[in-house]
Every structure is written in C-alpha cells, then in structure tokens.
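# What the coordinates show
Okay, here's what each chain looks like letter by letter:
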Amino acid sequence: REKCDNSNFQINRVQAAFQASLMKNEDILLKSYLEGWTELQKFIDALGTIFGFISEEVTSKIRILIEHQQGVHGKEYISMRSMINYELKNNVVNLHELPRDRLQSGCRTLLRLHRALRWLQLFLDNIRTSSENDSMSISCAEAYEQSLAKYHSWLVRKAAGFAFLALPARTEFLQILCLEGGKETKDKLWSAVNLIERVYNVTQGMYAQYNMLELP
Ligand code: 1PZ
C-alpha cells in the first residue's frame, strides 16, 4: 500500500472541515459540512469496491445539497438554519409523505447525512478504545446497530452487514486511515470524536427545534 500523502484520506482534514462548519449562534455552515463528507468519502473509497454502494449513496446526498446551493435560491442554502427557514416557508419540505420530486429537500437530505454522522462518531470511538486484535467488522457493526440501522430497511441492513465483514484487520485499517497504532492516534481520534459530537449536537438540536427529526 502506498504511503500516506496529501491525496490520501486525512482525519485532520475531516476535523478541520467540521470545525469550520460550526458557526456562532448554534448554526452549521453547509459548505464546510459537505467538505467534511467529501473527505470522509475518500476513506470509504480507499476501503475498496465492496463499499461502492455506500460511497454512491454519500455522493448522491452531497450532490442534492450542492445542486440546491448552485440553484436560483442558492443563497438560502448557506447555513442549516437559513435552509430550514427557506424550505419551510416555501413548502419545499415534505413533512408527511415520501418526497416524489427529483430534487429532494435539503432538510431531509441533510438529515440522512446527520444520522450517519452519529454512526461515524460511535465507530471512531470504538476504534479509539480498541486494541491490537479487535475486529473492525464488529466495532463497525456495533456502532451501526446503535445508530443508523434503525433508519434502514431490512435489505440495506443486510447489505451493510455483508460489507462490514470485508473490513480489514485493525493494523491495515489504521493504515488506510493514515494512522499509526500509538498514543498519538488515540489523541487524534479523541479530538475528532469530540468535535463530531459537537457538530452532531448542534444539528440534532436544530432538527428537534423545528420538529424535523422524522422527515420522510
Ligand atoms: C467503514 C465502512 C462504512 C460503513 C458505513 C455504515 C453505513 C452502511 C449503510 C449504507 C447504506 C447505503 C444505502 C442507502 C441507504 C439509504 O436508504 C439511506 C436513507 O436515505 P433515503 O432512502 O431516505 O433517501 N441513506 C443513508 O442513510 C445515508 C447515509 C449512508 C452512508 C453512510 C456512510 C458513512 C461513512 C462514513 C465514512 C467512513
């Protein structure tokens, strides 16, 4: 495997992007939030083609939000709060039924990424507290069961379960993440987990405030 350089996934860059997404007044800057996801996608891609369906799902969600940002109402899609206000006022959000529009609402799209962020937080924390011979497949599956799985259909849960089995052993896994095994890695993971939790909490709070945690 090639050495880690700038073209590889770097957890520092994920952290920098999500850090930059935290605005004053408990709001989220969407551009930086999506940059964080674009960086995470490099990591999924580095895991191999078995994870292609997950990567494509992330691409499709990012693309919907970028399309909104580049559309005629793009300036409404700067922050999460401005997006919510705009979409609520203009009936862009489907509150009760599955959306049929080709371009789905930004609110329901971001909610899918938001739920996946909890999975990531739990998974990174499992990695942080793992030791040499622990299975990454099990760490990943446990995090998934505690978070994202409850929003997924039976079929998606099965597909995810199979994909998890293809995760490499811990040492190789950490190499893909461009991390060594030592104390420095645990520190990096600890600070990433904490930051992701902060971003998650701000986003969760806003969805709760607008009663949007269950958007179809
Ligand atoms: C390390 C390996 C990565 C494991 C990622 C764990 C998640 C696996 C399940 C992904 C299933 C993707 C198939 C499509 C699912 C969609 O149905 C749902 C709901 O969207 P809707 O159908 O309502 O439009 N989509 C999602 O839940 C979006 C997020 C899934 C991808 C998360 C990956 C996180 C990776 C983080 C980077 C390491």
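I will try to describe carefully the structure that is included in this document. (Residues numbered from 1 in each chain as written. Predicted model: local features only at pLDDT ≥ 70, side-chain atom pairs only at ≥ 80, totals over all residues. Heavy atoms only, no water.)

For the rest of this paragraph, the subject is the state of the cysteines. When the sulfur atoms of two cysteines share a covalent bond, that bond is a disulfide. Overall, the coordinates contain one disulfide when judged by the stated rule. Each sulfur in the disulfide pair Cys4 and Cys178 lies 2.0 Å from the other. Judged by the sign of its S-S torsion, about -100 degrees, the cystine formed by Cys4 and Cys178 is left-handed. Pair noted here: Cys4 is in the segment before α1 (11-21) and Cys178 is in the loop between α8 (170-176) and α9 (183-209), with a separation of 174 residues, a long-range link. The exposure class assigned to Cys4 is partly exposed, which follows from its relative accessible area of 37%. Considering cysteine sulfurs only, Cys178 is the nearest to Cys140, which forms no disulfide, with 18 Å between them. The exposure class assigned to Cys140 is buried, which follows from its relative accessible area of 3%. (Disulfide = S-S within 2.5 Å. Helix = DSSP H or I, 4+ residues; strand = E, 2+ residues; numbered from the N terminus. Buried < 20%, exposed > 50% of the residue type's maximum accessible area, 1.4 Å probe, protein only.)

Of all residues adjacent to the ligand, which total 20 residues, the nearest are Phe43, Glu57, Lys61, Arg108 and His152. Interatomic distance of 2.6 Å between a side-chain N/O atom of Glu57 and a nitrogen atom of the ligand. Relative to its unbound accessible surface of 840 Å², the ligand loses 87% to contact with the protein. Because more than half of its atoms lie within 2 Å of the grid, the ligand is assigned to the largest pocket. At the level of secondary structure, the elements contributing two or more residues to the shell around the ligand comprise α2 (30-46), α3 (52-70), α5 (106-128) and α7 (154-165). No other element matches the five residues that α5 contributes to the shell around the ligand. (Near = heavy atom within 4 Å. Polar contact = N/O pair within 3.5 Å; in protein donor to acceptor, adjacent residues only side chain to side chain. Areas by Shrake-Rupley, 256 points an atom, 1.4 Å probe, with all protein chains shown as cover. 1 Å grid on protein atoms, 1.4 Å probe; cavity = no way out; pocket = protein on both sides within 12 Å on 5 of 7 lines; lining within 4 Å. Sits in = over half its atoms within 2 Å of the grid points.)

Among the nonpolar cores identified, the biggest contains 61 residues, and Phe18, Tyr33, Trp37, Met80, Leu117, Ile127 and Phe173 are the most heavily contacted of them. In this structure, Leu117 is in contact with Phe18, Tyr33, Trp37, Ile196, Val199 and Tyr200, ignoring residues within four places of it in sequence. (Core = buried A, V, L, I, M, F, W, Y, C linked by side-chain atoms within 4.5 Å. Contact = heavy atoms within 4.5 Å.)

Time to look at the packing of aromatic side chains. Across all of its chains, the model carries seven aromatic pairs by this definition. Ring centres of Tyr77 and Tyr86 lie 5.8 Å apart, and the angle between their planes is 70 degrees; this geometry places the pair in the edge-to-face category. In this pair, the class of Tyr77 matches that of Tyr86, namely buried. Taken together, the ring pairs in this structure connect Phe9, Phe43, Trp119, Phe123 and Phe173 into an aromatic cluster. (Phe/Tyr/Trp six-rings, centres within 6.5 Å; stacked < 30°, edge-to-face > 60°.)

Attention now goes to empty space enclosed by the protein. One pass over the full model with this rule turns up one cavity of 30 Å³ or more. Volume-wise, the largest cavity comes out at about 80 Å³. Residue lining of the largest cavity: Phe9, Ile11, Val14, Gln15, Leu40, Phe43, Leu120, Leu124, Leu177, Ala192, Leu195 and Ile196, and that is the complete set. Looking at the lining of the largest cavity, the elements with two or more residues in it are α1, α2, α5 and α9. The class makeup of the residues in the lining of the largest cavity is eleven nonpolar, one polar and no charged. (Points joined across faces, edges and corners; volume = space filled by probe spheres on them. Nonpolar A, V, L, I, M, F, W, Y, C, P; charged D, E, K, R; others polar.)

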